[in-house]
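Architecture at a glance
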Amino acid sequence: MRILKKKQNPPNKLKFNTPLKQDSKGKIMPVETSTDADYKSWLILAEEVEPLFGPMHNEKEFQAALMDSLKNEEAFCIRAETRPAEVKLVGGIIISKRSTK
């Protein structure tokens, strides 16, 4: 009898428990670094999630932090071609390069 060993993931590889975001055609939608050109789309996305997270899109502090994150390449997004041109983000996250300790 042969015993199969569980294949180990290399330490530098991430393992996702959920599938990656796919568009209506099944194509995986890549995560991309946001640019200054995405600023308006980020504000529209922020407005959409305000019922969950509270006021953001009209807050000067949020707008300044968003602009800093875009300039520092700390904002990442998933774009969708199927949405209207002015709303091209379907998701986003900001990850600070600074320590939060």
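So, here is what we can say about the structure in this document. (Residues numbered from 1 in each chain as written. Predicted model: local features only at pLDDT ≥ 70, side-chain atom pairs only at ≥ 80, totals over all residues. Heavy atoms only, no water.)

A separate point is the sheet that holds strand β1 (residues 31-33). Reading across from one edge, β1-β2-β3 is the order of the three strands in this open sheet, with antiparallel pairing throughout. One side of each edge strand has no neighbouring strand; the edge strands of this open sheet are β1 and β3 (89-94). When strand polarity is set aside, the average angle formed by the axes of neighbouring strands in this sheet is 30°. Sheet analysis places strand β2 (residues 75-79) next to β3, joined by five bridges and oriented antiparallel. Residue pairing in the sheet places C77 in a bridge with G92 of β3. In the packing of helix α1 (residues 39-53) onto the sheet, contacts are made with β2 and β3, and the angle to β3 comes to roughly 95°. (Pairing = 2+ DSSP bridges. Helix = DSSP H or I, 4+ residues; strand = E, 2+ residues; numbered from the N terminus. Axes fitted to C-alpha atoms, helices over the stretch in contact; angles between N-to-C directions. Contact = heavy atoms within 4.5 Å.)

What follows deals with the side chain of Q63. With respect to the helices and strands, Q63 occurs in helix α2 (residues 60-71). The class for Q63 is buried, based on a relative accessible area of 16%. Within polar-contact distance, the side chain of Q63 engages the backbone oxygen of H57 at 2.7 Å. Non-local contacts of Q63, meaning those with residues more than four positions away in its chain, are made with Y39, L43, H57 and N58. (Buried < 20%, exposed > 50% of the residue type's maximum accessible area, 1.4 Å probe, protein only. Polar contact = N/O pair within 3.5 Å; in protein donor to acceptor, adjacent residues only side chain to side chain.)

Within α1, the axis deviates most sharply at E47, by approximately 35°, and proline P51 lies no more than four positions further along. Among the residues of α1, those classed as buried are S41, W42, L43, I44, L45, A46 and E50. In the core, the buried residues of α1 are packed alongside α2, β2 and β3. Where α1 ends, the next residue or the one after it, G54, has phi of about 90°, a positive value. (Bend = angle between axes of the 7 residues up to and from the residue.)

Moving on, we come to the packing of α1 against α2. Two numbers describe how α1 lies on α2: the axes approach to 11 Å, and their chain directions differ by 135°. As summarised for this structure, α1 and α2 are arranged oblique, according to the angle between their axes. Seen along the crossing, α1 lies across α2 with a hand that is right-handed. The residues of α2 that touch α1, namely those facing Y39, W42, L43 and A46, are F62, Q63, L66, M67 and L70. The residue inventory of the contact of α1 with α2, partitioned by class, reads eight nonpolar, one polar and no charged. (Parallel < 35°, antiparallel > 145°, perpendicular 65-115°, else oblique. Left-handed = near helix turned anticlockwise from the far one by under 90°. Nonpolar A, V, L, I, M, F, W, Y, C, P; charged D, E, K, R; others polar.)

Just geometry here; none of it tells us what the structure is for.
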